[in-house]
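# Reading the structure
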Amino acid sequence: MIDHNNQEIQFAIAAVRRASRLVAEIQDELVSPALTKDDRSPVTVADFASQALVARLLQDAFPDDPLVGEEDAAALRTDGANLERVTGFVQRYVKGADSASVCAWIDRGAAEPARRFWTLDPIDGTKGFLRGDQYAVALALVVDGSVQLGVLGCPRLSEACRPDYTGPGTLVVAVRGEGTWMSPLTGDAPFQRLFASRQDDPAGARLLRSFEAGHTNVSQLDEFAERLGVRAEPVRMDSQAKYAVLASGHGELMVRLLSPSKPDYREKIWDQAAGSLVIQEAGGSVTDLDGVALDFTAGRTLAGNRGVLASNTRLHAAALKALNAVGA
Ligand code: AMP
Ligand code: MG
């Protein structure tokens, strides 16, 4: 069970619920079909507002804990128009917030990982956010390199984390040793436990794929699926919402291959910490492409790992073998 009296859990759930609602408001108000293709300002505003809010709430709850977030406020300080918009949105949740304090809260997220730290992706899946599709707010607590708590706020995910339709939003909470649980993002419905799928036939493996071709190696992913004998339709989705779908048993495999345009890319810890615990506590497995456990002690990236393989556990060994066979 989730211990709702635990202060870390209370803080993480409250912070992700609020940040998710804030970014959903920004998506509703600023993302429209009229947006030109290279106008990224809605996601800029949402990214900064989300990090400011979570950092401020962390400051209240655990003033000594470092926050390793994706953003810092350097660019925002010189961008008056967006700073004003960010401050306006943060004021909806923090009365009296001004632009100087908003920047200072954002900069709290520029910390380096320590023995105990929180890591935040204020909006994971920025391209999905701009398309009006899936995205997530991801927050995790890491202690001695081990993810203890992972929370994903997925404002457009369906109630049951089903990938085939959008919904009013889901909150997914994983606590080490206590399982993975979900609840609607808004309201106070009880949490339900999530379990990864029991599928052990590769033919039935639903592959969770990025929407963005540039984040992976598309042709190698196709070769991998063929080598493994996958016949099921893949699921295309942005962000760590995919990890919530896998943890709920609506998909079996998720592979982050190295993009040919960025062979030296290393995963960022805020893109993997919360999602990896969500999958593991639901009975799934997460390693890198070589079968090595993710190492959260190497700084802001997973410098010691190559790519990511997440599975329902039953298909993990076969997937690693197929990855090896296609040279991934
Ligand atoms: P997805 O929504 O699954 O396509 O992944 C979104 C994440 O991909 C973002 O959090 C980015 O940090 C990350 N990303 C950006 N560039 C790359 C890249 N070249 N290779 C892998 N991931 C990337
Ligand atoms: Mg991200």
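Just above sits the structure.
Residues numbered from 1 in each chain as written. Chains lettered and ligands numbered in written order. Predicted model: local features only at pLDDT ≥ 70, side-chain atom pairs only at ≥ 80, totals over all residues. Heavy atoms only, no water.

### Quick notes on unusual backbone geometry
The criterion, for reference: Helix numbers and strand numbers start at the N terminus; a helix is a DSSP run of H or I with at least 4 residues, a strand a run of E with at least 2. Throughout this description, buried means an accessible area under 20% of the type-specific maximum (1.4 Å probe, protein chains only), exposed means over 50%, and partly exposed covers the range between.
With a phi close to 60°, C161 is a non-glycine residue in the positive phi region. Relative to the assigned elements, C161 resides in the loop between β4 (146-154) and β5 (170-175). Although it is not a glycine, T313 sits at a positive phi angle of roughly 75°. As for its placement among the helices and strands, T313 is situated in the loop between β12 (308-311) and α10 (316-325). Judged by relative accessible area, T313 falls into the partly exposed class, the value being 36%.

### Let's talk about the packing of aromatic side chains
For clarity, the threshold we go by: Within 6.5 Å between ring centres, the rings of Phe, Tyr and Trp (the latter by its six-membered ring) count as paired, and their orientation is classed by plane angle as stacked under 30 degrees, edge-to-face over 60, tilted in between. Consider the ring centre and the ring normal. A charge sits over the ring if Lys NZ or Arg CZ is within 6 Å of that centre and within 35 degrees of that normal.
Counted according to the given criterion, the structure contains four aromatic pairs. Taking 6.0 Å as the distance between ring centres and 80° as the angle between the ring planes, the aromatic pair formed by F11 and F62 counts as edge-to-face. Taken as a pair, F11 in helix α1 (residues 7-30) and F62 in the loop between α2 (41-61) and β1 (67-69) lie far apart in primary sequence, 51 residues in all. In this structure, F11 and F62 share a single accessibility class: buried. Grouped by ring-pair contacts, the aromatic residues F11, F62 and W118 constitute a single cluster. Above the face of the F62 ring, R116 is positioned so that its terminal group lies 5.3 Å from the ring centre. We note R131 situated over the ring of F211; from NZ or CZ to the ring centre the distance is 4.1 Å.

### Let's talk about the site of ligand 1
How we decide: Only heavy atoms are used to decide nearness, and a residue is near a molecule or strand if one of them lies within 4 Å of it. Any pair of nitrogen or oxygen atoms within 3.5 Å is treated as a polar contact; in protein, a donor-acceptor pairing is required on top of that, and neighbouring residues in sequence qualify only through side-chain atoms on both sides. Each accessible area is a Shrake-Rupley estimate made with a 1.4 Å probe; only the visible protein chains count as cover when residues are assessed. When residues are sorted by character, Ala, Val, Leu, Ile, Met, Phe, Trp, Tyr, Cys and Pro go into the nonpolar class, Asp, Glu, Lys and Arg into the charged class, and all the rest, Gly among them, into the polar class.
The full set of residues close to ligand 1 is D124, S210, G214, H215, D238, S239, K242, R256, K262, Y265 and D271. Contact distances for ligand 1 include 2.9 Å between an oxygen atom and a side-chain N or O atom of D124. Take S210: an N or O atom from its side chain is 2.7 Å from an oxygen atom of ligand 1. Expressed as a share of its isolated accessible area of 510 Å², the protein-covered part of ligand 1 is 87%. Grouping the constituent residues of the shell around ligand 1 by class yields one nonpolar, four polar and six charged.

### Overview of the nonpolar core
Inclusion rule: To define a nonpolar core, start from buried Ala, Val, Leu, Ile, Met, Phe, Trp, Tyr and Cys residues and group those joined through side-chain atoms within 4.5 Å. Should any heavy atoms of two residues lie within 4.5 Å, those residues are considered in contact.
Counting 55 residues, the largest nonpolar core has F11, V90, W118, F129, L139, L149 and V173 as the members making the most contacts within it. At eleven residues, α2 tops the list of elements feeding residues into this core. Residues contacting F129, with those up to four places away along its chain left out, are V23, I26, Q27, V31, P42, V43, A46, I123, Q134 and Y135. The next biggest cluster of nonpolar side chains, apart from the first, holds 39 residues, and it includes V68, A140, C154 and A247.

Keep in mind these numbers describe shape, not what the thing actually does.
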